[in-house]
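Structural features, examined
Chain residues, written in single-letter form:
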Amino acid sequence: MNTSSPTIIHRPTESRFVSIVGGIESEVRYIESAATLEVVSTFVNPSHRGRSIAARLNDAAIVYAKQKGLTIIPTCSYTAAYLKRVAIGLPEAGSKN
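A brief look at the structure comes next. (Residues numbered from 1 in each chain as written. Predicted model: local features only at pLDDT ≥ 70, side-chain atom pairs only at ≥ 80, totals over all residues. Heavy atoms only, no water.)

Time to look at the packing of aromatic side chains. Counting across every chain of the model gives 4 aromatic pairs. With 5.6 Å between their ring centres and 40° between their planes, Phe17 and Tyr30 make a pair best called tilted. Remark: Tyr30 occurs in strand β3 (residues 24-32) and Phe17 occurs in strand β2 (residues 16-21); sequence separation between them is 13 residues. Tyr30 matches Phe17 in its accessibility class, with the two residues each being buried. Between Phe17 and Tyr64 the ring centres are 5.9 Å apart and the planes differ by 70°, which places this aromatic pair in the edge-to-face class. Linking Phe17 in strand β2 with Tyr64 in helix α1 (residues 53-68), this pair joins segments that are 47 residues apart in sequence. We note that Phe17, like Tyr64, is buried. Joined through ring pairs, the aromatic side chains of Phe17, Tyr30 and Tyr64 make up one cluster. (Phe/Tyr/Trp six-rings, centres within 6.5 Å; stacked < 30°, edge-to-face > 60°. Helix = DSSP H or I, 4+ residues; strand = E, 2+ residues; numbered from the N terminus. Buried < 20%, exposed > 50% of the residue type's maximum accessible area, 1.4 Å probe, protein only.)

This paragraph deals with the nonpolar core. One finds Phe17, Leu37, Val39, Ala61 and Ile72 to be the most contacted residues of the largest nonpolar core, which totals 20 residues. When contributions to this core are tallied by element, the ones reaching two or more residues are β3, β4 (36-43), α1 and α2 (77-86). (Core = buried A, V, L, I, M, F, W, Y, C linked by side-chain atoms within 4.5 Å.)

Let us now look at the sheet that holds β2. One open sheet holds the 5 strands; their spatial order is β1-β2-β3-β4-β5, and the pairing between them is mixed. With one partner strand each, in any of the chains shown, β1 (9-11) and β5 (71-74) form the two edges of the open sheet. On average, each strand axis in the sheet is inclined to that of its neighbour by 25°, with strand direction left out of account. Sheet analysis places β4 next to β5, joined by 4 bridges and oriented parallel. Its bridge partner lying in β5, Thr36 is registered against Thr71. Together, β1, β2, β3, β4 and β5 form the strand contacts of α1, whose direction differs from that of β3 by roughly 30°. Across the sheet, α2 is in contact with β4 and β5; its angle to β5 comes to roughly 125°. (Pairing = 2+ DSSP bridges. Axes fitted to C-alpha atoms, helices over the stretch in contact; angles between N-to-C directions. Contact = heavy atoms within 4.5 Å.)

All right, on to the side chain of Thr79 then. Take Thr79: it is sitting in helix α2. The contact partners of Thr79, leaving out residues within four places of it in the chain, are Val39, Thr42, Asn58 and Pro74.

For the rest of this paragraph, the subject is unusual backbone geometry. Although it is not a glycine, Ser15 sits at a positive phi angle of roughly 55°. Take Ser15: its relative accessible area is 26%, and that puts it in the partly exposed class. Located in the positive-phi region is Ser52, a residue other than glycine, with phi close to 70°. What makes Ser52 partly exposed here is its relative accessible area of 41%.

What follows is the structure, given as structure tokens:
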């Protein structure tokens with residue numbers, strides 16, 4: 001089993017972060033506005049699940065949002081759960097904090 005982290009590629013013209021493992025793409029898609037980064041979907045091929053690819057893709061989106069000062073809107077259910085799990089301290093849209 002390969003334990004190295006997958007390489008994440010940002011494709012801003014396509015509004016997504018991509019990882020390609022064995023010729024198969026996994027991705028996080030987003031919608032960016034002046035103040036927010038809405039993460040709309042996370043997809044990892046079933047044959048590649050359990051390798052932390054979804055987590056690494058979401059980490060890349062989180063880093064990008066932080067660098068640009070954007071608030072993350074986790075429309076994607078995986079992203080919403082991941083943000084709660086990692087407790088990164090980045091406010092979600094509509095939060096009172």
